[in-house]
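Architecture and fold: a report
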Amino acid sequence: MDTFPLLDQLIFAASILALIYIAGFVLRSKPKAYYFFITSYFILAFSLFLNYISFTGIILKYPHLFRIGSPLQYLIGPSSYFFVLLTLKPNTKLKFIHLLHLLPFVLHTLELIPFYISDEAEKRAFLYDIHKNALALWNAPDGLFLSYRQHIMIKFSIMAVYIVLQWKLIYSYKRKWHSALKQTNSILLEWIRFDTFIKTL
């Protein structure tokens, strides 16, 4: 459809502005922890944007955007965790083994390659089928091996693990918040708790 209600326009505009703001923030020089923080929220904003254009049918005009955000969602948990870790322990050195946190993202990207390289007509036909029967998406293939439902369950499970690890870090370092850390980073440390609480919900 060519036009959509005012509320939809406002949500769409807010999503675009959020993405632009986050992109601008990334370009500024920041400590490593900030980049992990902004990565997690960029993925969340981008995912909301993609969900919005999917449910409103706008995605039918841009079928190549479909499933772009799916692998990225596997990075929300690691990004949030490393934000907390590097804020509380800023001298932590990132090692090669930390790349294992990218494994779910890489595997899901690889299994979606056949869909990504398929032509526009094939993607649009798939999208039309989904819009005719929204429940079909739940069990539809989301790559070569797993369904959309299975990936959702795995993403939530992985996110739950990272949330537990974040709370563990927070409580391990809570006593130190009243000394040097709190004097220099009180706002940031409060934001860590708020951020972790929001993602727990």
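All of the points below concern the structure found in this document. Worth saying up front: this structure is predicted, and the values here are computed from it rather than measured.

Secondary structure summary: the chain contains 9 helices and 0 strands in total. Secondary structure of the chain in N-to-C order comes out as α-α-α-α-α-α-α-α-α. In the chain, buried positions account for 37% of the 201 residues. For the chain, the proportion of contacts with a sequence separation of at least 24, taken over those separated by at least 6, is 72%.

Axis separation between helix α4 (residues 76-88) and helix α8 (residues 148-173) bottoms out at 8 Å; the angle between their running directions is 10°. Overall, the two elements α4 and α8 adopt an arrangement that is roughly parallel. Of α8, the residues touching α4 (which contributes Ile76, Gly77, Pro78, Ser80, Tyr81, Val84, Leu85 and Leu88) are Met159, Tyr162, Leu165, Gln166, Leu169, Ile170 and Tyr173.

We now examine the packing of helix α2 (residues 32-55) against α4. Their axes nearest at 8 Å, the elements α2 and α4 cross at an angle of 155°. Looking at the two axes, α2 sits roughly antiparallel to α4. Classified by chirality, the crossing of α4 by α2 is left-handed. Touching Lys32, Ala33, Phe36, Phe37, Thr39, Ser40, Ile43 and Leu44 of α2 are Ile76, Ser79, Ser80, Phe82, Phe83, Leu86 and Thr87, all from α4. Of the residues assigned to the contact of α2 with α4, the class counts are 9 nonpolar, 5 polar and 1 charged.

Before going further, it helps to examine the side chain of Glu111. With respect to the element layout, Glu111 can be found in helix α5 (residues 103-116). For the buried residue Glu111, which engages in no salt bridge, the nearest side chain bearing the opposite charge is Lys155, 8.6 Å off. Polar contacts involving the side chain of Glu111 include one to the side chain of His151, which spans 2.5 Å.

Another point: the packing of aromatic side chains. All chains considered together, the criterion is met by 9 aromatic pairs. Between Phe37 and Tyr41, the ring centres sit 5.1 Å apart and the planes meet at 50°, which makes this aromatic pair tilted. In this pair, Phe37 and Tyr41 are both assigned in helix α2, 4 residues apart and thus about one turn of the helix distant. The exposure class of Phe37 is buried, given its relative accessible area of 14%. Between the aromatic rings of Phe66 and Phe126, the centroid separation amounts to 5.9 Å while the plane-to-plane angle is 50°, which identifies the pairing as tilted.

Turning our eyes to something else, we now look at α5. Turn by turn, an α-helix covers 3.6 residues, leaving residues three or four places apart pointing in a common direction. If you check α5, its first and last C-alpha atoms are 19 Å apart, about what 14 residues at 1.5 Å a residue would give, namely 20 Å. For α5, the principal kink sits at Leu110 and spans about 30°; a proline, Pro114, occurs within the next four residues. Those residues of α5 not exposed but buried are His108, Glu111, Leu112 and Phe115.

In this section: the nonpolar core. Burial of nonpolar side chains together is a common tendency in soluble globular proteins. Of all hydrophobic cores here, the largest spans 14 residues; its most connected members are Tyr81, Phe83, Val84, Leu85, Leu88 and Leu169. When contributions to this core are tallied by element, the ones reaching two or more residues are α2, α4 and α8. It is α4 that provides the largest number of residues to this core, a total of 7 residues. What Leu169 contacts, discounting residues up to four positions off in sequence, is Tyr81, Val84, Leu85 and Leu88. The next biggest cluster of nonpolar side chains, apart from the first, holds 12 residues, and it includes Tyr52, Ile53, Ile58 and Leu127.

Parameters and conventions
- Residues numbered from 1 in each chain as written.
- Predicted model: local features only at pLDDT ≥ 70, side-chain atom pairs only at ≥ 80, totals over all residues.
- Heavy atoms only, no water.
- Helix = DSSP H or I, 4+ residues; strand = E, 2+ residues; numbered from the N terminus.
- Buried < 20%, exposed > 50% of the residue type's maximum accessible area, 1.4 Å probe, protein only.
- Contact = heavy atoms within 4.5 Å.
- Axes fitted to C-alpha atoms, helices over the stretch in contact; angles between N-to-C directions.
- Parallel < 35°, antiparallel > 145°, perpendicular 65-115°, else oblique.
- Left-handed = near helix turned anticlockwise from the far one by under 90°.
- Nonpolar A, V, L, I, M, F, W, Y, C, P; charged D, E, K, R; others polar.
- Lys, Arg positive; Asp, Glu negative; His and termini not counted.
- Salt bridge = Lys/Arg side-chain N within 4 Å of Asp/Glu carboxyl O.
- Polar contact = N/O pair within 3.5 Å; in protein donor to acceptor, adjacent residues only side chain to side chain.
- Phe/Tyr/Trp six-rings, centres within 6.5 Å; stacked < 30°, edge-to-face > 60°.
- Expected span 1.5 Å × (residues − 1).
- Bend = angle between axes of the 7 residues up to and from the residue.
- Core = buried A, V, L, I, M, F, W, Y, C linked by side-chain atoms within 4.5 Å.

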